[in-house]
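Structural overview
What follows is the residue order along each chain.
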Amino acid sequence: MSLASRRCSRTACGRASVNTLTYVYADQTAVLGPLATYAEPHAYDLCDVHSERLSAPRGWEVLRLAPDPRAQGPSTDDLLALADAVREAARPAPAPVPLHSTSDPSRGAKRGHLRVLTPTD
């Protein structure tokens, strides 16, 4: 499921999710941060309305993480990785190895990277 098509986890809410809520039970902390890249079964995606109205159980802390403005859109590293992948895909494939090469008959038949040895008398 793509980032843009994920909906709020709250029942009967059809709004698009903008934040992800996770719990750190050991620290009694609810962490609300930017929408996670992937939907996780232990996390809850929330819309802007439900993100604002979020409250935690008594004694728990709510930690709200602001989105990093530099993280919006693809980074320079992402673009370089994409360019490298395109270059790699455009390279010609290596020449195939003949399946039955008998360049050295005394060593047997060559199949790809393996060589079939024949018994010697």
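The name given to the protein in an unreviewed UniProt entry is DUF3499 domain-containing protein, and the organism recorded there is Nocardioides baculatus.

Attention shifts here to the sheet that holds strand β1 (residues 19-24). Two orientations exist for strands paired in a sheet by backbone hydrogen bonds: parallel and antiparallel. Read from one edge to the other, the open sheet built from four strands follows the order β3-β1-β2-β4, with strand pairing classed as mixed. Two strands close off the open sheet at either side, each with one partner strand: β3 (44-46) and β4 (61-64). When the angles between neighbouring strand axes are averaged without regard to direction, this sheet yields 25 degrees. Relative to β3, β1 runs antiparallel, the two being bridged by three bridges. Note that in β3 the partner of L21 across the bridge is Y44.

Where the residue is not glycine, phi is negative for most of them; where a peptide bond is considered, it is trans in most cases. With a phi close to 65 degrees, A12 is a non-glycine residue in the positive phi region. By the element assignment, A12 lies in the segment before β1. One non-glycine residue, Q28, lies in the positive phi region at around 50 degrees. Assignment of secondary structure puts Q28 in the loop between β1 and β2 (29-34). In this structure Q28 comes out as partly exposed when scored by relative accessible area, which is 40%.

Looking now at the side chain of D45. Within the secondary structure, D45 is located in strand β3. Within the local environment of D45, its side chain forms a polar contact with the side chain of R6, the two groups lying 2.8 Å apart. Not counting chain neighbours up to four residues away, the residues in contact with D45 comprise R6, R7, C8, S9, S17, N19, T20, L35 and A39.

What follows is about the environment of C47. Summarising the element assignment, C47 is placed in the loop between β3 and α1 (48-52). Put simply, C47 and S9 are 38 residues apart on the chain and 8.2 Å apart in space, counted from C-alpha to C-alpha. In this structure, C47 is in contact with C8, C13, R15, A16, S17 and V18, ignoring residues within four places of it in sequence.

Rules used in this analysis
- Residues numbered from 1 in each chain as written.
- Predicted model: local features only at pLDDT ≥ 70, side-chain atom pairs only at ≥ 80, totals over all residues.
- Heavy atoms only, no water.
- Pairing = 2+ DSSP bridges.
- Helix = DSSP H or I, 4+ residues; strand = E, 2+ residues; numbered from the N terminus.
- Axes fitted to C-alpha atoms, helices over the stretch in contact; angles between N-to-C directions.
- Buried < 20%, exposed > 50% of the residue type's maximum accessible area, 1.4 Å probe, protein only.
- Polar contact = N/O pair within 3.5 Å; in protein donor to acceptor, adjacent residues only side chain to side chain.
- Contact = heavy atoms within 4.5 Å.

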